[in-house]
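Observations on the three-dimensional arrangement
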Amino acid sequence: MQEFTQQMINGLSLGAIYALIALGYTMVYGIIKLINFAHGDIMMVGAYVGFFSLSVLGTNILSAMVFAMLACAIIGVFIEKIAYKPLRNSTRIAALITAIGVSLFLEYATLFALGPAQRVFPETAFQVTNYHFMGIMVSNKDLFVFFSAVVLMIILQYIIKMTKTGKAMRAVSEDQEAAVLMGISVDKTVSITFAIGSSLAAAAGVMIGVYYNTVNPLMGIIPGLKAFVAAVLGGIGIIPGAMVGGFLMGILETMVSGYSSSLYRDAVAFGVLILILLIKPTGLFGKNTGEKV
Amino acid sequence: MQIYKHSWTRFVAEVAVLVALFTLVQYAITTELLSQYYEINLNSMCINIILAVSLNLINGFTGQLSLGHAGFMAVGAYVSVIMTNRLDLPFIAGVLAACLAAALAGFIIGVPTLRLKGDYLAIATLGFGEIIRVVLQNIDYVGGPSGIMGIEKLTTWGWLFASTLITLIVIINLVNSSYGRAIISVREDEVAAELMGINTTRYKVMAFVIGAMFAGLAGALYAHYFYIIKPDTFNFLKSFDILVMVVLGGLGSTTGAVIAAIFITTLTAALQSFPAIRMILYALILIIVMIYRPQGLMGNKEMGRKTLARLWGGKK
């Protein structure tokens, strides 16, 4: 039981990271029906911005996170304008292939510019202390990751539910043509969605940097894919679904690596994906809609 | 596309050209006119042609985006190596077993996943490809993450030439047959095809299984040429490599896939010492082709004798 609770706590902080990345996938999919394959790599860029801000500028972890979020918001909008916007009316497969291209580009451009070596997050950036009670260990690292993720999710919920921008986002994802008729600028709304999604990914990137202590150019691939699975698990396009899916994936992963071989933990994510796609492709929170001819 | 009339003179001419090509290269290899460097590239070219043409059957002609082609290649590579290296069977048994195993894997994966559409299918096949890799990593019999080393070099130019030729003949004839028409109709409009009485699932699975089978063949040839196989060779980046060829050549053009496979192999060889730049170029190819020429270089056109004649003689 103690072991179980411990794994649960580890799973919650990892899950919070996945949930943040999954939110970006889900928001973009909800609005332009594109699986933004490059999302995990935007997270990687965010982790690097955070890393340089900590090691070169010597900022504290919170301002590093803010820097990373700002930088990635700009990059996200930039990518959307260059690569995805010309394809908005073409097939979804074309857009997906482009997204794979963007993903490869971000990975290998970073690899080319910064070298393939893994970089270690400066230790001074985050003093790890472990708290013990009732035989369970909680580090302030876990607490930091979990609570900053929750705060970001609350801010996101506020933006989507309470502000005019959020209303525009919901309208565009509901019915793009009707939204245009109501005087909503689709281009602007899509840009804002990319900005928000990418900044959440950047925050997740800095958290992964803190969590695993290292950054490398290809670090975005696997968390990106897992977060995508989380988004599908919750029902892609549905924001609360992404949060729940993220936490579920995190917990599942720590359980699998805790109780069986850690080599299998990547396979489990894909196993979940295939099961969910076969049993209920619309995800846990999705409604079934028939295909219209 | 038009139905060609069968003509004996054409057939004899084609056979003559192929035999001449084969003997010429074989002669160049045995007399070492062709250095080892070029021989390796020529062989990867053949393997890439098999991969690209078979993936094109799934992605281009059937219109089902699969991102797990490297997984089938892995199945073929491992099964053939088990046959030759562990069980001491002849190479032909290894190759046939590889084809069968990969086709079976294609069937097992295809039946459930091909119900999915578009991007969901892409992700599910990517997932299956990765699962194959992770499972191979966890089997100690085949060396786990470090793979199998010291595989006997059994892939010769004859094998490569014959395999490439068989792949091309089977796929070109399949596409031009009534099965092929059914497959293309699934790509063009699945609902309409179904209304015309075509069992779309059956044709999708068929294309998927045949594509997987040839990927297995390519895997067997690959394993017996490069001495070593390990699970990481067959990760999704390998699948993306093949995808780049198909996208560049044109989704639905066999000759396009062949040309793109030759081009990409040459590019890879030229940029061997700059792997990062190679991947950046791949990325740019994917993005730029999709934005400016989404149908690929050749579209769904084929390059045949007519095109060559036109280029040669300047008349239509």
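What counts and what doesn't
- Residues numbered from 1 in each chain as written.
- Chains lettered and ligands numbered in written order.
- Predicted model: local features only at pLDDT ≥ 70, side-chain atom pairs only at ≥ 80, totals over all residues.
- Helix = DSSP H or I, 4+ residues; strand = E, 2+ residues; numbered from the N terminus.
- Rg over C-alpha atoms; globule rule 2.2 N^0.38 Å.
- Buried ≥ 20, exposed ≤ 12 C-beta atoms within 10 Å, placed from the backbone.
- Contact = placed C-beta atoms within 7 Å.
- Pairing = 2+ DSSP bridges.
- Nonpolar A, V, L, I, M, F, W, Y, C, P; charged D, E, K, R; others polar.
- Axes fitted to C-alpha atoms, helices over the stretch in contact; angles between N-to-C directions.
- Parallel < 35°, antiparallel > 145°, perpendicular 65-115°, else oblique.
- Left-handed = near helix turned anticlockwise from the far one by under 90°.
- Expected span 1.5 Å × (residues − 1).
- pLDDT = per-residue confidence, 0-100.

**Some words on the overall build of chain A**
- Helix and strand content of chain A: 11 helices and 4 strands.
- In terms of overall size, chain A behaves like a compact globule, its C-alpha atoms giving a radius of gyration of 19 Å where 293 residues would be expected to give roughly 19 Å.
- Overall, the C-alpha framework of chain A stretches about 60 × 45 × 35 Å when taken along its three principal axes.
- Taking all 293 residues of chain A together, 53% fall into the buried category.
- Put simply, of all contacts in chain A between residues at least 6 apart along the chain, 76% involve residues at least 24 apart.

**Describing the overall build of chain B**
- Scanning chain B from terminus to terminus reveals 13 helices and 0 strands.
- Beginning at the N terminus, the succession of helices and strands in chain B can be written as α-α-α-α-α-α-α-α-α-α-α-α-α.
- For 316 residues, the compact-globule estimate of 2.2 N^0.38 gives 20 Å, and chain B sits close to it at 19 Å.
- In terms of overall dimensions, chain B has C-alpha extents of about 55 × 50 × 40 Å along its principal axes.
- Expressed as a percentage of its 316 residues, the buried residues of chain B come to 48%.
- Restricting to contacts in chain B with at least 6 residues of sequence separation, those with at least 24 account for 80%.

**Remarks on the pairing of strand β3 (residues 136–139) of chain A**
Residue and element names in this part refer to chain A.
- In terms of strand pairing, strand β2 (residues 130–133) meets β3 through 4 bridges, oriented antiparallel. The residue of β3 that forms the bridge with Tyr 131 is Val 138.
- What sits between the antiparallel neighbours β2 and β3 is a turn of 2 residues, in which Met 134 has the positive phi angle 50°.

**Regarding the interface of chain A and chain B**
- Taken together, the contact between chain A and chain B spans 34 residues of the former and 32 residues of the latter.
- Those elements that provide at least two residues to the side of chain A that touches chain B are α4 (92–114) and α11 (265–279) of chain A.
- The element that contributes the greatest number of residues to the side of chain A that touches chain B is α4(A), accounting for 15 residues.
- Within the side of chain A that touches chain B, the residues separate by chemical class into 27 nonpolar, 5 polar and 2 charged.

**Examining the packing of helix α10 (residues 239–259) of chain A against α11(A)**
Residues and elements named next belong to chain A.
- One can describe the packing of α10 onto α11 by two numbers: an axis separation of 9 Å at closest approach and a directional angle of 140°. For the element pair α10 / α11, the angle class is oblique. In the crossing of α10 with α11, the sense of the turn from one axis to the other is right-handed. Along the contact surface, α10 presents Met 249, Leu 252, Glu 253, Val 256 and Ser 257, while α11 presents Arg 265, Val 268, Ala 269 and Val 272.
- Per-class residue counts for the contact of α10 with α11 are 6 nonpolar, 1 polar and 2 charged.

**Description of unusual backbone geometry**
All names here are of chain B.
- Positive phi is not limited to glycine here, since Asp 88 has a value of about 55°.
- Here Asp 88 lies in the loop between α3 (69–86) and α4 (91–113).
- By the C-beta count within 10 Å, which is 8 here, Asp 88 ends up exposed.
- Even without being a glycine, Tyr 227 presents a positive backbone phi close to 65°.
- Counting through the fold element by element, Tyr 227 comes out in the loop between α9 (200–223) and α10 (236–249).

**Re the packing of α4(A) against helix α5 (residues 118–137) of chain B**
- Orientation of α4(A) relative to α5(B), taken along the N-to-C sense of each, is 40°, at an axis distance of 9 Å. On the basis of the axis angle, α4(A) is oblique to α5(B). Mapping the contact onto sequence places Arg92(A), Ile93(A) and Leu96(A) in α4(A) and Gly118(B), Asp119(B) and Ala122(B) in α5(B).
- When grouped by side-chain class, the residues that make up the contact of α4(A) with α5(B) number 3 nonpolar, 1 polar and 2 charged.

**Quick notes on helix α12 (residues 275–292) of chain B**
- Compared with an ideal rise of 1.5 Å per residue, which puts 18 residues at 26 Å, α12(B) spans 26 Å between its outermost C-alpha atoms and is within 8% of the ideal.
- Among all positions in α12(B), only Met279(B), Ile280(B), Tyr282(B), Ala283(B), Ile285(B), Leu286(B), Ile287(B), Val289(B) and Met290(B) are buried.
- As for α12(B), its buried residues are in contact with α3 (61–84) and α4 of chain A together with α10 of chain B.

**A look at the environment of Ala220(B)**
All names here are of chain B.
- Relative to the assigned elements, Ala 220 resides in helix α9.
- Along the backbone, Ala 220 and Leu 154 are 66 residues apart, and their C-alpha atoms lie at a distance of 9.9 Å.
- Residues in contact with Ala 220, not counting those within four places in the same chain, are Gly 76, Ala 77, Ser 80, Gly 94, Val 95 and Ala 98.

**Considerations on helix α11 (residues 254–270) of chain B**
All names here are of chain B.
- Between its first and last C-alpha, α11 extends 24 Å over 17 residues, near the 24 Å set by a 1.5 Å rise per residue.
- Taken as a whole, α11 has its buried residues at Thr 254, Gly 256, Ala 257, Val 258, Ile 259, Ala 260, Ala 261, Ile 264 and Thr 265.
- Those residues of α11 that are buried lie in contact with α2 (36–61), α6 (157–176) and α10.

**What about the confidence of the model for chain B?**
Residue and element names in this part refer to chain B.
- In this model, chain B carries a mean pLDDT of 85, and residues with pLDDT of at least 70 account for 94%.
- Helix α13 (residues 305–313) is the least confidently modelled element of chain B, averaging 62 in pLDDT, while α9 averages 93, the highest of any element.
- The ipTM for the predicted assembly is 0.83, set against a pTM of 0.86.

**Topic: the environment of Leu100(B)**
Residues and elements named next belong to chain B.
- Along the chain, the position of Leu 100 falls in helix α4.
- Residue classification places Leu 100 among the partly exposed residues on the basis of 14 C-beta atoms within 10 Å.
- Taking C-alpha positions, Leu 100 is 24 Å from Pro 145, a pair spaced 45 residues apart along the chain.

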